[in-house]
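Descriptive structure summary
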Amino acid sequence: MPVHLRPSAPIAADALLPGDPGRALLLAQELMTEPRMSNHRRGLWGYHGHTESGRELTIQSTGVGGPSAAIVIEELIELGVRRAIRVGTCGALDPQLGLGQLVVVSGALADDGTSQALGSRGVIEPHPALTEALRAAAPEAVAGPVASTDLFYEPDPTARERWVEAGCIAVEMEAATLLTLAARHAIQAACVLIVSDTGPADARQRLDDEQLEQRAREMGRAALAALEG
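All of the points below concern the structure found in this document. All of these numbers come straight from a predicted model, not from anything done at the bench.

1. Focus on the overall build of the protein chain
Across its full length, the protein chain holds seven helices and 11 strands. Whereas a compact globule of 229 residues would reach a radius of gyration of roughly 17 Å, the protein chain reaches 16 Å, a difference of no more than 12%. For the protein chain, the C-alpha atoms occupy an extent of roughly 45 × 35 × 30 Å along the three principal directions. Looking at the protein chain as a whole, 52% of its 229 residues qualify as buried. When the accessible area of the protein chain is evaluated, it comes to approximately 10100 Å², of which 50% is carbon and sulfur surface. In the protein chain, 19 side chains carry a positive charge and 30 a negative one; their mean positions are 5 Å apart.

Next comes the structure, spelled out in structure tokens:
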């Protein structure tokens, strides 16, 4: 029995992984016919149910950052998850990315302590077929590598430049951990993200809550289509 997740409903082989518990609830209501809460311990809300097509699905929040995500993902794998898609947010590094743009992750730069502690260096790639399914389900999305970091409020003024020089188009906090653990346990994993922030820290622009909720619904439908495709 996992230490942190205590499921009161089944765990499906397919899972969507938002960081935010509120987004887990939103997507459960959007994508499942009769969602049941499967976990509420430690504020990590999770849901189980069936989609309109009858597919069994788990939606489980991971919390913020690699350490929390690593615990949740390890325990979900123990409980039977075999395909997982991170459905989260990111900050734009490429000035061509606009607020609300969807990004399908083609690779995650391990610039965070968790994925490095798990043995990753450089860019970790997602599962190719699942990623292609995401691209087909969200043709308006931009595909590219992202940087995974430990800090939302990054004090290092050179970090952004370093990520851009590495070819990253956005920055987030959990993708490298998911992809590292997926490779370690031989499961399929991919990531799709909403650009929620643009610009440097001193001139940051951010999606408002209503816009973010709408884009999250669209992202969730695309991720589900990738799993069902």
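2. What to know about the packing of helix α1 (residues 21-31) against helix α7 (residues 209-228)
The description of two packed helices rests on the angle between their axes and on the distance between the axes. Contact pair α1 / α7: the axes reach a minimum separation of 10 Å and the direction vectors enclose 60°. Between α1 and α7, the angle is such that the two are oblique. Our pair here, α1 against α7, has a crossing hand that is right-handed. In this structure, α1 contributes Arg23, Leu26, Leu27, Glu30 and Leu31 to the contact, and α7 contributes Leu212, Glu213, Ala216, Arg217, Met219, Gly220, Arg221 and Leu224.

3. Quick notes on the packing of helix α2 (residues 66-78) against helix α6 (residues 175-185)
Close contact between α2 and α6 brings their axes to 9 Å; oriented N to C, the two are set at 30°. Here α2 lies roughly parallel to α6, going by the angle between them. Read as a crossing pair, α2 and α6 show a hand that is right-handed. Listed contacts from α6 to Gly66, Ala69, Ala70, Ile73, Glu74 and Ile77 of α2 are Thr177, Leu178, Leu181 and His185. Along the lines of polarity and charge, the residues of the contact of α2 with α6 split into six nonpolar, three polar and one charged.

4. Things to note about the packing of aromatic side chains
All told, the structure shown has one aromatic pair when counted by the stated rule. A ring pair is formed by Phe152 and Tyr153, whose centres lie 4.8 Å apart and whose planes are at 80°; its orientation type is edge-to-face.

5. Notes on the nonpolar core
Buried together is how nonpolar side chains tend to be arranged in soluble globular proteins. Membership of the largest hydrophobic core comes to 35 residues, with the highest contact counts inside it found for Leu17, Ile73, Leu76, Leu97, Val103, Val146 and Leu178. Contributions of two or more residues to this core are made by β1 (14-17), α2, β5 (83-92), β6 (102-110), α6 and β10 (188-198). Leaving out residues up to four positions away in the same chain, Leu178 has contacts with Leu17, Ile73, Ala84, Arg86, Ala189, Ala190 and Cys191. Counting 30 residues, the second-largest nonpolar core is a separate cluster that includes Ala24, Val104, Ala138 and Leu212.

What counts, and where the lines are drawn
- Residues numbered from 1 in each chain as written.
- Predicted model: local features only at pLDDT ≥ 70, side-chain atom pairs only at ≥ 80, totals over all residues.
- Heavy atoms only, no water.
- Helix = DSSP H or I, 4+ residues; strand = E, 2+ residues; numbered from the N terminus.
- Rg over C-alpha atoms; globule rule 2.2 N^0.38 Å.
- Buried < 20%, exposed > 50% of the residue type's maximum accessible area, 1.4 Å probe, protein only.
- Areas by Shrake-Rupley, 256 points an atom, 1.4 Å probe, with all protein chains shown as cover.
- Lys, Arg positive; Asp, Glu negative; His and termini not counted.
- Charge placed at Lys NZ, Arg CZ, Asp CG, Glu CD.
- Axes fitted to C-alpha atoms, helices over the stretch in contact; angles between N-to-C directions.
- Parallel < 35°, antiparallel > 145°, perpendicular 65-115°, else oblique.
- Left-handed = near helix turned anticlockwise from the far one by under 90°.
- Contact = heavy atoms within 4.5 Å.
- Nonpolar A, V, L, I, M, F, W, Y, C, P; charged D, E, K, R; others polar.
- Phe/Tyr/Trp six-rings, centres within 6.5 Å; stacked < 30°, edge-to-face > 60°.
- Core = buried A, V, L, I, M, F, W, Y, C linked by side-chain atoms within 4.5 Å.

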